[in-house]
Amino acid sequence: MTQPHSTDFSPAPSLARVLRGNLCAGCGGCALAAPGKVRMEMAPPGYLRPRQLAALSTQENATIEQICPGLGQTVAADGRTDDILWGPYETMEAGHSTDETLRFTASSGGGLSALLVHLLDTGAIDAVIQTAADSQIPVANTTVISTTREQVLAAAGSRYGPSAPLAGLDGPLNSDKRYAFVGKPCDVAALRALEAIDPRVRARIPVMLSFFCAGVPSQTGAEKVLEKLGTTLPRTKAFRYRGQGWPGRTVATLKDDRELSMTYHESWGGVLSAHTQLRCKLCADGTGKAADIVCADAWESDANGYPIFEEKQGTSLIVARTPTGVALLKAAKAAGRLKTEAFDVSELRNIQPGQLGRRQALVARLAGLRCMARPIPRYRGLHLMAAARTGRLPFLLKNFIGIFRRALLGRI
């Protein structure tokens, strides 16, 4: 949280705890809970953070405490298959959009985009709330409302930067339209928690979709990518993190129309992953456990079990987590929007090593912060200890010592 503009009121207890632990995910849920009193702003080194503008009511503070993913998350299996590492789900498949343009433009196989187009074309929803590139700051993001295939296509592709899609949901929640919401796992977790206390959510947003997320890099991280490419933000008119192929190259289009690019492995693995915010390093849910459907890259792996990032036609992992998600996936396949096959959950260990490592390390990281008396998120139903037991002791000790040392030296 950034500091209040004035000192005639105290920070809300919920926001103060987030600030004290540097736990903000940047989702914008607090701005939705207290419209006009909390505003999301860019703060150094380039993360979206809430600024409190006025005193919050007891109810507003309580709502933030219930929905803020920085403060915690609760997941209930409710009779579903509940994998220790990957969470509750009904079905897990791999496939791709049958629309070749969507498949090529999207970050993986176009599975998520195909589902959105199906929802729009069948009239199941009126519009999609999703994240797209900011027209003013090419590396930044903005929340858009899409009502056509062309608009969904324009927003397709991963955006590895800060976004706060919940901050502007007051309008849609007070409208007479029905929306599909697409957001990071923490965005969907907050919205699902709000659904339990605000009937507008279920009425106005009947479908929530997400994707596997490895963390939110700062805007500074994107500027470092530009620096590696040999350019700067003022010289750049468009920036694509991924897409137009699988995994797709990172491309900066300059104002003189020249294009500079690097591989996904070079941009994410070499630059952006080093700039993710602390809350992402403490995430118990990078796989969208609160969503109806979550999509990811169904990478192939090499002989050593590591993902292969060679360019090829994209394939999406499609995880239907709820009955709503199952019905949507079946309908999209029946309509010819998606072509899929069964997927073995055991393969995820190889093709998602980053997600696996973070889940295994989480208890050690949280313990290191607790030893320094720092606030940590409260997780329920996310099998933290069971996930830790799948990791090796030296790995856990390394993560415990690493975060303890950072906290001790004031580097968090």
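As a starting point, this report considers the structure included with it. Since we're looking at a predicted model, the values are computed, not measured.

### Some details on the overall build of the protein
Point 1. Looking only at helices and strands, one finds 17 helices and 17 strands in the protein.
Point 2. For 412 residues, the compact-globule estimate of 2.2 N^0.38 gives 22 Å, and the C-alpha radius of gyration of the protein, at 20 Å, lies within 12% of that figure.
Point 3. By principal-axis analysis of the C-alpha atoms, the protein measures approximately 55 × 55 × 55 Å.
Point 4. Residues counted as buried form 57% of the 412 residues belonging to the protein.

### Structural notes on the environment of A327
Point 1. One can find A327 in helix 13 (residues 323-334).
Point 2. Judged by its relative accessible area of 46%, A327 is partly exposed.

### Observations regarding the sheet that holds strand 12 (residues 250-254)
Point 1. Taking strand neighbours across the sheet as the criterion, the three strands line up as 11-12-13 in an open arrangement whose pairing is antiparallel. Edge positions in the open sheet fall to strand 11 (236-240) and strand 13 (259-262), since each of these has one partner strand only. Each strand of the sheet is rotated relative to its neighbour by a mean of 15 degrees, with strand direction disregarded.
Point 2. With four bridges connecting them, strand 12 and strand 13 associate as antiparallel partners. Within strand 13, the position partnered with V251 by the bridge is S261.
Point 3. With respect to the sheet, helix 10 (residues 219-229) is in contact with strand 11, strand 12 and strand 13, its orientation differing from that of strand 13 by roughly 105 degrees.

### Looking at the packing of aromatic side chains
Point 1. Inspection of the entire model under this criterion finds 10 aromatic pairs.
Point 2. Taken together, a centroid distance of 6.5 Å and an interplanar angle of 5 degrees make the contact between W86 and F212 stacked. Linking W86 in the loop between strand 4 (81-83) and strand 5 (87-89) with F212 in the loop between strand 10 (207-211) and helix 10, this pair joins segments that are 126 residues apart in sequence. Like W86, the residue F212 is buried in the burial classification.

### Re the environment of V201
Point 1. Residue position: V201 is located in helix 9 (residues 199-204).
Point 2. Taking the relative accessible area as the measure of exposure, V201 reaches 0% and is therefore buried.
Point 3. Taking the C-alpha atoms as reference points, V201 and L191, separated by 10 residues in sequence, lie 7.7 Å from one another.
Point 4. Excluding residues that lie within four positions of it along the chain, V201 makes contacts with L173, L191, L194, E195, P206 and M208.

### Structural notes on the pairing of strand 12
Point 1. Summarising burial for strand 12: five of the five residues are buried, a large majority.
Point 2. Of the two faces of strand 12, both are covered, the one formed by T250, A252 and L254 as well as the one formed by V251 and T253.
Point 3. Pairing analysis gives four bridges linking strand 11 to strand 12, with the strands arranged antiparallel. Within the sheet, the bridge partner assigned to A238 lies in strand 12 and is T253.
Point 4. Connecting strand 12 to the next strand, strand 13, in antiparallel fashion are four residues, including D257 with a positive phi near 75 degrees.

### Considering helix 8 (residues 185-195)
Point 1. Of all 11 residues making up helix 8, nine are buried, and the element is well covered by its neighbours.
Point 2. Within helix 8 the residues assigned to the buried category are P185, C186, D187, V188, A189, A190, L191, L194 and E195.
Point 3. Here the buried face of helix 8 lies against helix 2 (29-33), helix 3 (58-67), strand 3 (72-74), strand 9 (179-182), helix 9 and strand 10.

### Structural notes on helix 15 (residues 353-371)
Given 3.6 residues to a turn, an α-helix orients residues that are three or four positions apart in the same direction.
Point 1. In a regular helix each residue adds 1.5 Å, so 19 residues correspond to 27 Å; helix 15 covers 28 Å between its end C-alpha atoms and thus fits that length.
Point 2. Of all bends in helix 15, the biggest is about 45 degrees, found at A361.
Point 3. One or two steps after helix 15, the chain reaches A373, where phi turns positive at roughly 60 degrees.

### With respect to the sheet that holds strand 16 (residues 338-342)
Point 1. Read across the open sheet, the eight strands follow the order 8-7-9-10-14-15-6-16; overall the sheet is mixed. Because the sheet does not close on itself, it has two edges, and the strands there are strand 8 (141-146) and strand 16. Between one strand axis and the next, the sheet turns through 30 degrees on average, direction left out of account.

Reading guide: rules and limits
- Residues numbered from 1 in each chain as written.
- Predicted model: local features only at pLDDT ≥ 70, side-chain atom pairs only at ≥ 80, totals over all residues.
- Heavy atoms only, no water.
- Helix = DSSP H or I, 4+ residues; strand = E, 2+ residues; numbered from the N terminus.
- Rg over C-alpha atoms; globule rule 2.2 N^0.38 Å.
- Buried < 20%, exposed > 50% of the residue type's maximum accessible area, 1.4 Å probe, protein only.
- Pairing = 2+ DSSP bridges.
- Axes fitted to C-alpha atoms, helices over the stretch in contact; angles between N-to-C directions.
- Contact = heavy atoms within 4.5 Å.
- Phe/Tyr/Trp six-rings, centres within 6.5 Å; stacked < 30°, edge-to-face > 60°.
- Expected span 1.5 Å × (residues − 1).
- Bend = angle between axes of the 7 residues up to and from the residue.

In short, shape yes, function no, at least from these values alone.
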